Amino acid sequence: NTFGGPLNIDEGITRVTGNSALGAITQGTTVLIGSQLQLQGNLSIPDEPLHLNYGGLMVNPNQYDNTGALRMINPTPGTPQTITWGSSGSAALVWADYNNYNVIAIDAPGDKFTINGVLNMQRALYKLGPGTLELAGTTNNVQGNNPVLYVSGGTLLLNKTNNAVAIPVNEYLY
């Protein structure tokens, strides 16, 4: 893929099935309200900045019933898939911003989504679905004002190395 600009997903669903589908890693991808970035297959996305802004696809914005700004799709349940965002030790930033409705949904049991870079939680982040969200890498995750990490299903795996912080001190985990 030779696309070199920033990718803004303003509306609808964008499904990624290839490692370089988002274009140049220097520009980043932003997922806005009313949109969703879907990842499918065994992927390793390089150090692309990802900005989850205003939650993604919401059924009712006053409830916790949305399908997420970032969603792992598995077309063959029972065949686990693994998606890695950022290389080990990278500073790839996954930014959960602005409100209480940023959602990462991992739909299938056995599926795993790994964030190897920095998870910057400015507000709340919800992990939905029976799959695994892994916070890994060698760089500290950071927080904003009163961040909350909700895990409503599946597994949260804290796997930082080199004494890096996976859950910052003032963060609430539910």
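> Where do I start with the overall build of the chain in this structure?
Tallying secondary structure elements over the chain gives zero helices and 20 strands in all. Only carbon and sulfur atoms are counted for the fraction: they give 50% of the accessible area of the chain, which is about 7,800 Å².

> Before we go on, may I ask you to explain the sheet that holds strand β5 (residues 43-45) in this structure?
Within a sheet, neighbouring strands are paired by backbone hydrogen bonds and run either parallel or antiparallel to one another. Taking strand neighbours across the sheet as the criterion, the five strands line up as β5-β10-β13-β16-β19 in an open arrangement whose pairing is parallel. Since the sheet does not close on itself, it has two edges, and those belong to β5 and β19 (155-160), each with one partner. Direction aside, the axes of adjacent strands within the sheet are offset by 15° on average. Judged from the four bridges that link them, strand β10 (residues 82-85) and strand β13 (residues 112-115) form a sheet pairing that is parallel. By the bridge assignment for β13, Trp85 is matched with Ile115.

> What exactly am I supposed to notice about the nonpolar core here?
Considering soluble globular proteins, one finds that nonpolar side chains tend to be buried as a cluster. The biggest cluster of nonpolar side chains holds 26 residues, and the ones touching the most others in it are Leu37, Leu39, Trp85 and Phe113. Setting aside its immediate chain neighbours within four residues, Leu39 contacts Val16, Leu70, Arg71, Met72, Ile73, Gln81, Ile83, Trp85 and Phe113. In terms of nonpolar packing, the next biggest core, distinct from the first, is built from six residues, Val103, Ala105, Ala124 and Leu128 among them.

> Which parts of the structure should I look at to understand the pairing of β13?
For a regular strand, side chains alternate in direction, first toward one face of the sheet and then toward the other. Pairing between β13 and strand β16 (residues 132-137): four bridges, direction parallel. Among the inter-strand pairings, Phe113 is bridged to a residue of β16, identified as Leu133.

> Where do I start with the environment of Thr14 in this structure?
Structurally, Thr14 is set in strand β2 (residues 12-16). Remark: the alpha-carbon pair of Thr14 and Gln38, spanning 24 residues in sequence, is separated by 6.0 Å. Dropping the residues within four chain positions of it, Thr14 is found in contact with Ile9, Gln36, Leu37 and Gln38.

> Explain the side chain of Gln38 to me, please; I cannot follow it from the model alone.
For Gln38, the location among the structural elements is in strand β4 (residues 35-40). At a separation of 2.7 Å, a polar atom in the side chain of Gln38 contacts the side chain of Arg15. In this structure Gln38 touches Ile13, Thr14, Arg15, Val16, Arg71 and Ile73, once residues within four positions along its chain are discounted.

> I would appreciate a short explanation of the pattern of salt bridges in the present structure.
Opposite charge on two side chains permits them to pair, given that their charged atoms come into close proximity. Summed over the entire model, instances satisfying the criterion amount to two salt bridges. In this structure, Asp107 and Arg71 form a salt bridge, with 2.7 Å as the shortest nitrogen-oxygen distance. In this pair, Asp107 sits in the loop between β12 (102-106) and β13 while Arg71 sits in strand β9 (residues 70-73), placing the two residues 36 residues apart along the sequence. The partly exposed category is assigned to Arg71, whose relative accessible area is 22%. Here Glu134 and Lys112 are joined by a salt bridge, their closest N and O atoms 3.4 Å apart. Of this pair, Glu134 sits in strand β16 while Lys112 is found in strand β13, placing the two residues 22 residues apart along the sequence. A residue is classified by how much of its surface remains accessible, and Lys112, at 26% relative accessible area, is partly exposed.

> Please clarify how the confidence of the model for the chain should be interpreted in this entry.
The predicted structure's coordinates, where accompanied by low pLDDT, should not be read in detail. With 80% of its residues at a pLDDT of 70 or more, the chain shows a mean pLDDT of 80. When mean pLDDT is compared element by element in the chain, β19 scores highest at 92, while strand β20 (residues 172-173) scores lowest at 64.

> Would you mind showing me how to read the packing of aromatic side chains here?
Where two aromatic rings form a pair, the distance of their centres and the angle of their planes describe that pair. Taken as a whole, this structure holds one aromatic pair when the rule is applied. Measuring from ring centre to ring centre gives 4.4 Å for Tyr126 and Tyr150, while their planes differ by 5°; the resulting arrangement is stacked. Remark: Tyr150 occurs in strand β18 (residues 148-151) and Tyr126 occurs in strand β15 (residues 124-128); sequence separation between them is 24 residues. The buried category is assigned to Tyr126, whose relative accessible area is 7%. For Tyr150, a relative accessible area of 24% gives the class partly exposed.

So, how was this worked out
Residues numbered from 1 in each chain as written. Predicted model: local features only at pLDDT ≥ 70, side-chain atom pairs only at ≥ 80, totals over all residues. Heavy atoms only, no water. Helix = DSSP H or I, 4+ residues; strand = E, 2+ residues; numbered from the N terminus. Areas by Shrake-Rupley, 256 points an atom, 1.4 Å probe, with all protein chains shown as cover. Pairing = 2+ DSSP bridges. Axes fitted to C-alpha atoms, helices over the stretch in contact; angles between N-to-C directions. Core = buried A, V, L, I, M, F, W, Y, C linked by side-chain atoms within 4.5 Å. Buried < 20%, exposed > 50% of the residue type's maximum accessible area, 1.4 Å probe, protein only. Contact = heavy atoms within 4.5 Å. Polar contact = N/O pair within 3.5 Å; in protein donor to acceptor, adjacent residues only side chain to side chain. Salt bridge = Lys/Arg side-chain N within 4 Å of Asp/Glu carboxyl O. pLDDT = per-residue confidence, 0-100. Phe/Tyr/Trp six-rings, centres within 6.5 Å; stacked < 30°, edge-to-face > 60°.

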